[in-house]
Amino acid sequence: MNLKDKWICKELEEVSLGDKRLNKRIIELASNISKGPGLPLNQVSDDWSAVKASYRLFDNNKITPDKILKPHIDKTVKRAQEYPYIFIIQDTSVVDFSTHQKTKGVGSVGGQTKVKHKTQGMIMHTSLALSPKGVPLGLVSNYIWNRTANKKRTVSNKFIDIEDKESFKWISAFEDYSEKIGKTVPIITIGDREADIYDLYLAHIDNEEKFIVRSSFNRRLTSKDKMHDLIKTKQPYSETIEIQVPVKDRSVTFRKTSSSYKESAKYRSAKVRLFSQKVTLKAPKKLNGQISEEIQINHVYMQEVDPPNENEKVAWHLLTNLETDTFKKAWEIVQAYKKRWSIETYFKVLKTTCKVEDCRLGTADRLKNFISLKTIIAWRLFWLTYLSKEHSDLSCTYAFREIEWKTLYRRINRVREVCSEVPTVQEAQVMLAKLGGYLNRANDAPPGIITIWRGWQRLQDMVEIQEITR
Ligand SMILES: [Mn+2]
């Protein structure tokens, strides 16, 4: 069978594990996994010896998460260069292996749990690149690690040098991807309240890159005022605007997640107004007694006009080094920040569709390799779903091989001959969803990622049979 024109094989063609046979094997395995990304490893391989070979592969010490991801990251950087700028969303997620207590080498992930058995798993900090319109381009950095249990701090957290804190992951990820991207395309980093870190702002300013971060601390300014208090004394922009916000769900799971909203949140509309100010942050003292340099920053505050109640009230403080001095610019900051939500969806794909937490590879090191490979497959799924939302008129050959779209067309229309005109991404998307059980009635919501993926898997099976028999 010719694997070369499959997306995963193209994506990984530059993989370099220091051994040609290993390179070939990881591509074959990735290709098998991508046909059924939710299936356990023993079902994606053809026989038991292939299953054992895949276990051995993840155990091989020549294989590391960095080496697995490198070809994908390189391709992502290339894709990014087609745009005038890109967003990079950073976020942390817990990969939970609490239900597989036998897994060796994983660490504590809970702290706030009320469940009976101890929580265990790994922490993953991901940086996902998006096009200006929000099409996921791929990962540009990914770390997976175990938290070592309860390291006692002797000094207060505030005075520990930033490199020793877990929050250093934000800065280190930025350094990582800004080096890989070089100056080939401007970057706008987006982070949630956990990313409200002075040194992260400094790192961006020093590198002449942009950021949008939701502010967590009511920071002291050089003027002695506190920034959150000061902005409320300013005159808001006269325009108000209606936005859709998730309704807060009080039945949130006991485990602390990266977001306080459930994924399937309901939305309500909220009327908001915007404030903006340019401020100079008071520089914090470092451990060695030196004072960091002062930084000037733009602050946008979005406030709900008539909130249903205090608890539901929308109040976002966003910090950025992009301009915010007109309503339009401030509004663009809010809209860009809303793109952060897509990384939550990405993690959802990785966990619920690609089922990484169900894997029983037994040790943390094997799991890290396995998860790294799955992050690439999860990205593709995610990309496929978003693509039709924003590139609907592109030819479907952008995402599908010839044999794939032709098979899809023949199967859905039950014809032998395909149309002379190549379908668009959107048309192919609907056909794929239909194959996954989507009915496409007039009032149906657009197909979801799981339906599309089911269609994709079925299509892969059909294509495979043709490739074997032709
Ligand atoms: Mn987060």
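Residues numbered from 1 in each chain as written. Predicted model: local features only at pLDDT ≥ 70, side-chain atom pairs only at ≥ 80, totals over all residues. Heavy atoms only, no water.

**Some points on the overall build of the chain**
Point 1. Of the regular secondary structure elements, the chain holds 14 helices and nine strands.
Point 2. For the chain, with 470 residues in total, the buried portion stands at 50%.
Point 3. Sequence separation of at least 24 residues holds for 67% of the intrachain contacts in the chain that already meet a minimum separation of 6.
Point 4. When the accessible surface of the chain is summed, it comes to about 23,700 Å², and 49% of that surface belongs to carbon and sulfur atoms. (Helix = DSSP H or I, 4+ residues; strand = E, 2+ residues; numbered from the N terminus. Buried < 20%, exposed > 50% of the residue type's maximum accessible area, 1.4 Å probe, protein only. Contact = heavy atoms within 4.5 Å. Areas by Shrake-Rupley, 256 points an atom, 1.4 Å probe, with all protein chains shown as cover.)

**Describing helix α7 (residues 198-206)**
An α-helical segment advances 3.6 residues per turn. Residues three or four places apart therefore align on the same side.
Point 1. Buried within α7 we find Tyr198, Leu200, Tyr201, Leu202, Ala203 and His204.
Point 2. Of the surrounding secondary structure, the elements contacted by the buried residues of α7 are α6 (168-181), β4 (187-191), β5 (210-214), β7 (267-281), β8 (295-304) and β9 (315-320).
Point 3. A positive backbone phi angle near 55° is found at Glu208, which sits one or two residues after α7.

**Topic: the nonpolar core**
Point 1. Of all hydrophobic cores here, the largest spans 133 residues; its most connected members are Ile26, Ile86, Ile181, Leu274, Ile371 and Phe400.
Point 2. At 15 residues, the largest contribution of residues to this core is made by helix α11 (residues 364-390).
Point 3. Ignoring any residue separated from it by four or fewer positions in sequence, one finds Ile86 in contact with Ala80, Ala129, Leu130, Leu137, Ile181, Val185, Pro186, Ile187 and Ile188. (Core = buried A, V, L, I, M, F, W, Y, C linked by side-chain atoms within 4.5 Å.)

**Considering the coordination of the manganese ion**
Point 1. Protein-derived ligands of the manganese ion are Asp91 (OD) and Asp192 (OD), with the metal-ligand distances lying across 2.1 Å. Of this pair, Asp91 sits in strand β1 (residues 86-96) while Asp192 sits in the loop between β4 and α7, placing them 101 residues apart in sequence. The same class applies to Asp91 and to Asp192, which are both buried. (Donors = N, O, S within 2.8 Å, 3.2 Å for Na, K, Ca; no water.)

**Focus: helix α5 (residues 65-80)**
Point 1. Taking 1.5 Å per residue as the helical rise, α5 with its 16 residues ought to reach 22 Å, and the 22 Å between its terminal C-alpha atoms agrees with that figure.
Point 2. Maximal helix bending in α5 amounts to about 35°, located at Pro71.
Point 3. Turning to α5, its buried residues number three or more, namely Ile68, Leu69, Pro71, His72, Ile73, Thr76, Val77, Arg79 and Ala80. (Expected span 1.5 Å × (residues − 1). Bend = angle between axes of the 7 residues up to and from the residue.)

**Re the environment of Val185**
Point 1. Inspection of the secondary structure puts Val185 in the loop between α6 and β4.
Point 2. On the accessibility criterion, Val185 (2% relative accessible area) is buried.
Point 3. For the pair Val185 and Glu82, spaced 103 residues apart in sequence, the C-alpha separation works out to 8.5 Å.

**Points about the pattern of salt bridges**
Point 1. Summed over the entire model, instances satisfying the criterion amount to 23 salt bridges.
Point 2. Ionic pairing is found between Asp176 and Lys180, a salt bridge with its closest N-O pair at 3.2 Å. Within this pair, Asp176 and its partner Lys180 are both found in helix α6, separated by four residues, close to a single helical turn.
Point 3. Classification of Lys180 as partly exposed rests on a relative accessible area of 36%.
Point 4. Its salt-bridge partner being Asp192, residue Arg340 comes within 3.5 Å of it at the nearest N-O pair. (Salt bridge = Lys/Arg side-chain N within 4 Å of Asp/Glu carboxyl O.)

**A closer look at the pairing of strand β2 (residues 121-130)**
Point 1. Most of β2 sits inside the fold, with ten of its ten residues counted as buried.
Point 2. Looking at chain direction, β1 and β2 are connected through ten bridges and run antiparallel. Within β2, the residue paired with Asp96 across the bridge is Gly121.
Point 3. Taking the residues between adjacent antiparallel strands as the criterion, β2 and strand β3 (residues 136-145) are bridged by five residues, where Gly134 takes a positive phi near 100°. (Pairing = 2+ DSSP bridges.)

**Some words on the side chain of Ser178**
Point 1. Topologically, Ser178 is positioned in helix α6.
Point 2. Of note is the side chain of Ser178, whose polar atom sits 3.4 Å from the backbone oxygen of Glu175. (Polar contact = N/O pair within 3.5 Å; in protein donor to acceptor, adjacent residues only side chain to side chain.)

**Points about unusual backbone geometry**
Point 1. With a phi close to 55°, Glu208 is a non-glycine residue in the positive phi region.
Point 2. Note that Glu208 resides in the loop between α7 and β5.
Point 3. One non-glycine residue, Lys355, lies in positive phi territory at about 50°.
Point 4. By the element assignment, Lys355 lies in the loop between α10 (341-353) and α11.
Point 5. With relative accessibility at 36%, the residue Lys355 sits in the partly exposed group.

**Some words on the packing of helix α12 (residues 402-413) against helix α13 (residues 425-435)**
Helix packing for two helices is described by the angle between their axes and how far apart those axes are.
Point 1. With their axes 10 Å apart at the nearest point, α12 and α13 run at an angle of 60° to one another. Here α12 lies oblique to α13, going by the angle between them. Along this stretch, α12 crosses α13, giving a crossing that reads as left-handed. Within the contact between the two elements, α12 uses Leu408, Tyr409, Arg411, Ile412 and Asn413 and α13 uses Ala428, Met431, Leu432, Lys434 and Leu435. (Axes fitted to C-alpha atoms, helices over the stretch in contact; angles between N-to-C directions. Parallel < 35°, antiparallel > 145°, perpendicular 65-115°, else oblique. Left-handed = near helix turned anticlockwise from the far one by under 90°.)

**Describing the sheet that holds β5**
Point 1. Pairing is mixed across the open sheet formed by nine strands, whose spatial order is β3-β2-β1-β4-β5-β9-β8-β7-β6. The open sheet terminates on both sides in strands that have one partner only, identified here as β3 and β6 (240-246). Each neighbouring strand pair of the sheet contributes to a mean axis angle of 30°, computed without reference to strand direction.
Point 2. Pairing analysis gives eight bridges linking β2 to β3, with the strands arranged antiparallel. Its bridge partner being in β3, Ile123 is matched across the sheet by Trp145.
Point 3. In the packing of α10 onto the sheet, the strands contacted are β1, β2, β3 and β7, and the crossing angle to β1 comes to about 40°.

**A closer look at the confidence of the model for the chain**
Point 1. For the chain, per-residue confidence averages 86 on the pLDDT scale, and 89% of positions sit at 70 or higher.
Point 2. Within the model, the stretch residues 251-264 combines pLDDT values under 50 with 25 contacts to residues more than four positions away or in other chains. (pLDDT = per-residue confidence, 0-100.)

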